[in-house]
Amino acid sequence: RPHTSTPWTGLTVELSLSGILVVVTTGLIAAVVVWTVKLLLRHAYYTHRLSCFSMPPVHSWLVGHLGQMQSTEEGLQQVDELVKTYKHSCSWFFGPFYHLVRIFHPDYVKPLLMAPGNITVKDDLVYNHLRPWLGHSLLISNGKEWARKRRLLTPAFHFDILKNYITTFNTSTNTMHEKWRSMLTDGKTNIEMFNDVTLMTLDSLLKCAFSYNSNCQESTSEYVSAIVELSDLILNRRLRIWHHWDWIYWRTQQGRRFKKALSIVHRFTREVVQKRRTIINHQRMTESQPDLSTAGQRRKDFVDIILSSKDEDGQGLTNEEVEAEANTFMFAGHDTTASAICWTLYNLAHHDHYQEKCRQEVMDLLQGRDEHEIEWEDLSNLPFTTMCIRESLRLHSPVQAVTRKYTQDMLLPGNRTVPKGVICLVSLYGTHHNPAVWSNPHEFYPLRFDPNNTSGRSASAFIPFSAGPRNCIGQKFALAELRVVVALTLLRFHLAPGVNPEVGSISGDVRRLPQLVLRAEGGLWLQLEPLKLEENESE
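Rules used throughout
Residues numbered from 1 in each chain as written. Predicted model: local features only at pLDDT ≥ 70, side-chain atom pairs only at ≥ 80, totals over all residues. Heavy atoms only, no water. UniProt positions renumbered as here; feature names shortened; annotations may be inferred. Core = buried A, V, L, I, M, F, W, Y, C linked by side-chain atoms within 4.5 Å. Buried < 20%, exposed > 50% of the residue type's maximum accessible area, 1.4 Å probe, protein only. Helix = DSSP H or I, 4+ residues; strand = E, 2+ residues; numbered from the N terminus. Pairing = 2+ DSSP bridges. Contact = heavy atoms within 4.5 Å. Axes fitted to C-alpha atoms, helices over the stretch in contact; angles between N-to-C directions. Parallel < 35°, antiparallel > 145°, perpendicular 65-115°, else oblique. pLDDT = per-residue confidence, 0-100.

For the protein chain, an unreviewed UniProt entry supplies the name aromatase and the organism Sphaeramia orbicularis. For the record of the protein chain, the UniProt heading Subcellular location (unreviewed entry) holds the text "Endoplasmic reticulum membrane". The annotation that UniProt attaches to the protein chain under Cofactor (unreviewed entry) is "heme".

Okay, here's the thing in structure tokens:
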């Protein structure tokens, strides 16, 4: 019989759909209620457990310090006030979502950063937002995965490998200085150095990591612009609690900008890695020929080493792991070092007597040489210049804080306990500016690092590269590049405080801008004067 519909049929369907909708809605409401109750119970638990730490004033028990942490000059001044008030630590929380202990004294820093790697975890608040960019790299991975990658990557930073990079540091610095000389010839003596130094460190890293000559210092870099935008977007995302959920963030305008910038960075890195793989495969074929007179003479770079590294089971890094490490070193290897170089030059420009002492040290070292290049052996013969670099790293650390979580309760001095799962925010800035640790902490005084003045000071008082098993794996690379760039710059130019055109006058006090690395609002400006040391010596 043919099917015939009646008004009752439609009514039945409507009732069925209404019933389903009621059930689904009721289920969602129940799930939200359960989630909210669990969140509030968790919040009450951690609030009680953290009562052994002093807590700065909050908006309310529920909101906490939400909106109080700023990535501005005022935010750094707020840290100064916290250190002055609470001396070593305090608790902090963002609504019922994140519970932190802020640490800014060496005695409290040490047990946390020196904890074994197998109980140390990178938290989601800071590092999860880097994951789309950096993948499961050494910086972000945990546990056995982290330990394996650390073993595989450590040989890439052996002294014998770093020695080969010094020539590259010299070459990239020379390219930047040629740009500066050209600007001086055109009558431009006032420069903002962050962009030039960032391009220079990127140039060095590409050569050292991939043997890739990008010429990025002399042409517009879409990649560097994308890196800066990603840094800004990650910072903004951290500060907006509702953007911490991916299903919200990727639908926002910022999320779409992030994806666009990310595609530029990943495409750039992927192309560099693929080109390097092609070169390596070609060289392996060439070296397999009967004429082996040049085999083994090619200097190994970062990719050479990580491609050849094997773990105890004979397994190397997968393609995805190689790309993740490449992305990490492209970010961490140039942006942080660029910040350190810029602030060192800034501090020396504002302290001419220290600048002259460094310059004389470099001139004495290079006296009688035909070539004005810094060599590996020279790095240990620049003691005062190194003191100035270290003092600049203390005063203007590129990274302001590191965060950790732990898989067990952590005991701190004074019978205080950080509960398992709570985020420990180790303030590098706060520790480096703690008046209980450093006299006149806001003063640039390189002699703090004179060996005669360091006795009795905790090793955890100076931690620009973090410390312990999860410290920065590339710190020797960074310090080597810092010394080369600073030495050659002082040899060729006299530095004075520059003029920010937006302000219109020379100012000794810039407004610091703590993004993923420490920058300055409106940039860092230098007044350059070329020195005629090379001409005088050739005469």
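**Student:** I'd love a proper account of the nonpolar core, names of residues and values included.
**Tutor:** A general tendency of soluble globular proteins is for nonpolar side chains to be buried together. Trp133, Met193, Phe210 and Phe302 are the most contacted members of the largest nonpolar core, which has 148 residues in total. With twelve residues, the single largest contributor to this core is helix α19 (residues 475-492).

**Student:** Tell me about the sheet that holds strand β2 (residues 98-103), residues and numbers included.
**Tutor:** The five strands are arranged β1-β2-β8-β5-β3 in an open sheet whose pairing can be described as mixed. Edge positions in the sheet fall to β1 (89-94) and β3 (120-121), since each of these pairs with one other strand and no more. Sheet topology places β3 next to strand β5 (residues 401-406); two bridges connect them, and they run antiparallel. The partner of Thr120 across the bridge, within β5, is Tyr406. Sheet contacts for helix α2 (residues 73-86): β1, β2 and β8 (423-427); angle to β1, the most-contacted strand, approximately 130°.

**Student:** Which residues make up the pairing of β5, and what are the values?
**Tutor:** Note on strand geometry: in a regular strand, side chains alternate between the two faces of the sheet. Looking at chain direction, β5 and β8 are connected through four bridges and run antiparallel. Bridge pairing in β8 links Thr403 to Leu425.

**Student:** Can you lay out the packing of helix α15 (residues 335-349) against helix α17 (residues 383-395) for me, pointing to particular residues and giving the numbers?
**Tutor:** It is the contact of α15 with α17, at a shortest axis distance of 9 Å, that shows an interaxial angle of 105°. With respect to α17, the element α15 is oriented roughly perpendicular. The residues of α17 that touch α15, namely those facing Ala340, Trp343, Thr344, Asn347 and Leu348, are Cys388, Ile389, Ser392, Leu393 and Leu395.

**Student:** Please provide a residue-by-residue account of the side chain of His243, values included.
**Tutor:** When you line up the elements, His243 lands in the loop between α10 (222-239) and α11 (246-249). Setting aside residues no more than four positions away along its own chain, His243 makes contact with Arg237, Ile248, Tyr249, Thr252 and Gln254.

**Student:** Describe in detail the confidence of the model for the protein chain, supporting the description with residues and values.
**Tutor:** Any residue range with low pLDDT should be treated as having predicted coordinates unsuitable for detailed reading. Taken residue by residue, the protein chain gives an average pLDDT of 87. The fraction at 70 or more is 92%. Ignoring residues within four places in sequence, the model shows residues 289-297, a span with pLDDT below 50, making three contacts including any to other chains. Predicted confidence for residues 534-539 stays below pLDDT 50, and this span has four contacts to residues more than four positions away or in other chains.

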